[in-house]
Amino acid sequence: MYEDLLNIVLGVMATGVSAALGWLARTALWRRKLRRRQVFFGLPGNAECLLVVNREAGGDGAVHRFDVFALLELSALIKDCGAHARIVQHDVAQQGFGERTEFCLGGPYSNRRMEAHLATLLPGVFVNTDVEPVEERGAFVIGSERYAMEPGVSEYVLLARLTAGEGGRPVFLFCGQRAITNQAATRYLVRHHERLAREHGRDGSFVLLLKVINSQAYGPDVVELVADVTRPARNPAAPEAA
């Protein structure tokens with residue numbers, strides 16, 4: 001009977017030790033993944049970042065509902081990193097970059113800060129902000145390539161992670177031809193940030209051109225990676241291309 005009791009006690013102890021080791025291993029893995037995520041997004045614990053929002057076309061300070069959805073997805077990611085977000089309007093965010101992580105949403109036609117970022121950080125990107133002709137509205141020219149949209153059918157968005165300025169904190173750009181493409185880019189980043197960190201390095205810069213397929217039927221969910229356009233986007237465009 002003593003041996004049976006001893007075996008039970010040893011079994012319980014072994015189970016407890018195994019459970020504790022498993023918990024420690026899972027905790028260590030979770031902490032390692034958290035540190036990698038924090039480095040990639042430049043968001044150490046209790047850090048503050050900026051969410052720079054544009055305005056809805058024709059609105060008076062209003063934010064498009066798809067951009068609101070994008071902000072919600074980014075806010076959840078920021079909270080997971082243990083950081084804090086401050087939302088600022090594009091026309092009052094008058095500060096440099098590198099000191100804090102920044103997430104900037106919207107095209108240059110509705111976001112002055114995005115316009116400044118494109119001119120400073122991505123001189124090889126030209127976005128048509130003219131209202132007429134309609135078929136040219138919102139078209140991207142990157143290097144020698146042109147990308148025009150078909151509203152609701154085929155639309156493009158630039159997703160960029162760039163490091164510049166003192167401090168080394170990244171700037172994330174979500175520059176879409178329509179508001180729904182901004183949300184598509186934020187969702188793509190949230191879903192694929194681990195792969196992007198492996199491919200480009202946790203502190204590396206990249207500029208990706210994404211294509212949103214049939215948004216009128218699928219919303220922001222069906223996204224195709226068209227190309228890594230980091231090199232042409234960061235080099236000044238030829239005069240004839242611009």
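Before reading on, note that the structure itself is shown above.
Along each chain, residue indices are assigned from 1 in the same order as the chain's sequence is written. In view of the model being predicted, local features appear only for residues whose pLDDT reaches at least 70, and side-chain atom pairs are presented and counted only at 80 or more, with totals across whole chains, interfaces and linings using the full set of residues. As a rule here, side-chain values cover all heavy atoms of the structure and leave hydrogens and water aside.

Q: I'd love a proper account of the sheet that holds strand E4 (residues 125–127), names of residues and values included.
A: Strands pair, by our definition, only if DSSP identifies at least two bridges between them. Helix and strand definitions here come from DSSP, where helices need a minimum of 4 consecutive H or I residues and strands a minimum of 2 consecutive E residues; each element is numbered from the N-terminal end. Sheet architecture is open: three strands sit in the order E4-E5-E6, paired in antiparallel fashion. The open sheet has two edge strands, E4 and strand E6 (145–147), and neither has a second partner. For this sheet, the mean angle separating the axes of adjacent strands, direction not counted, is 20°. Of the pairings in the sheet, the one linking strand E5 (residues 140–142) to E6 comprises three bridges and is antiparallel in character. In the strand pairing of E6, phenylalanine 140 is matched with tyrosine 147. To obtain an axis, a line is fitted to C-alpha atoms, over the contacting stretch when the element is a helix, and the angle between two such axes runs from 0 to 180 degrees between their N-to-C directions.

Q: How would you explain a nonpolar patch on the surface if you had to name every residue and give the values?
A: In this scheme, patches are assembled from residues that exceed 30% relative accessible area and form no salt bridge. Like charges are connected within 9 Å, while nonpolar side chains (Val, Leu, Ile, Met, Phe, Trp, Tyr) are connected within 5 Å. Here the Shrake-Rupley method, with its probe set to 1.4 Å, supplies the accessible areas, and only the displayed protein chains count as covering residues. Salt bridges are counted wherever a side-chain nitrogen of Lys or Arg sits within 4 Å of a carboxyl oxygen of Asp or Glu. A contiguous nonpolar patch, built from Val68, Phe69 and Leu72 and spanning about 250 Å² of accessible area, is present on the exposed surface. Assignment of secondary structure puts phenylalanine 69 in helix H2 (residues 65–80). Under the scheme applied here, a residue whose accessible area is under 20% of the maximum for its type counts as buried, over 50% as exposed, and between as partly exposed, the area being computed with a 1.4 Å probe on protein chains only. Residue classification places phenylalanine 69 among the partly exposed positions, given a relative accessible area of 35%.

Q: Just give me the short version of the pairing of strand E9 (residues 206–213), but keep the residues and values in it.
A: Counting buried positions along E9 yields six of eight residues, so the element is predominantly enclosed. Judged from the eight bridges that link them, strand E7 (residues 154–163) and E9 form a sheet pairing that is antiparallel. By the bridge assignment, valine 157 is partnered in E9 with leucine 210. As judged from the five bridges shared by E9 and strand E10 (residues 223–228), these two strands associate in the antiparallel manner. Residue pairing for E10: valine 212 is matched across the bridge by valine 223.

Q: Please give an account of the packing of aromatic side chains that cites residues and values.
A: The criterion for an aromatic pair is that two Phe, Tyr or Trp rings (for Trp, the six-membered ring) have centres within 6.5 Å, with stacked assigned to planes under 30 degrees apart, edge-to-face to planes over 60 apart and tilted to the rest. Counted under the stated rule, the structure contains eight aromatic pairs. A centroid spacing of 6.5 Å and a plane angle of 40° characterise the contact between phenylalanine 41 and phenylalanine 103, whose relative ring orientation is tilted. Taken together, the positions of phenylalanine 41 in helix H1 (residues 2–41) and phenylalanine 103 in strand E3 (residues 102–105) put the pair 62 residues apart, joining distant regions of the chain. Per residue, the accessibility class of phenylalanine 41 equals that of phenylalanine 103, and both read buried. A ring pair is formed by phenylalanine 103 and phenylalanine 172, whose centres lie 5.1 Å apart and whose planes are at 10°; its orientation type is stacked. In this pair, phenylalanine 103 sits in strand E3 while phenylalanine 172 sits in strand E8 (residues 170–176), placing the two residues 69 residues apart along the sequence.

Q: Describe in detail the nonpolar core, supporting the description with residues and values.
A: Among buried residues, the Ala, Val, Leu, Ile, Met, Phe, Trp, Tyr and Cys ones that are joined through side-chain atoms within 4.5 Å form a nonpolar core. With 30 residues, the main nonpolar core has Phe40, Phe41, Leu43, Phe103, Leu159, Phe174 and Leu189 as its most contacted residues. Secondary-structure elements contributing two or more residues to this core are H1, strand E1 (48–53), H2, E3, E7, E8, helix H4 (179–200) and E9. Element by element, the count of residues in this core is highest for H4, at six residues. In contact with leucine 43, not counting residues within four places along its chain, are Gln38, Cys49, Ile78, Cys81, Ala83, Thr101 and Phe103. Two residues form a contact once any of their heavy atoms are found within 4.5 Å.

Q: Any chance you could break down the pattern of salt bridges for me, citing the residues and the numbers?
A: For the coordinates displayed, the defined rule picks out eight salt bridges. The shortest N-O distance in the salt bridge between glutamate 48 and arginine 100 comes to 3.1 Å. Of this pair, glutamate 48 sits in strand E1 while arginine 100 is found in the loop between strand E2 (84–89) and E3, placing the two residues 52 residues apart along the sequence. Judged by relative accessible area, which is 34%, glutamate 48 ranks as partly exposed. For arginine 100, a relative accessible area of 27% corresponds to the partly exposed category. Between aspartate 221 and arginine 191 there is a salt bridge, with its nearest N and O atoms 3.7 Å apart. One end of the pair, aspartate 221, is in the loop between helix H5 (215–218) and E10; the other, arginine 191, is in helix H4, and 30 residues separate them in sequence.

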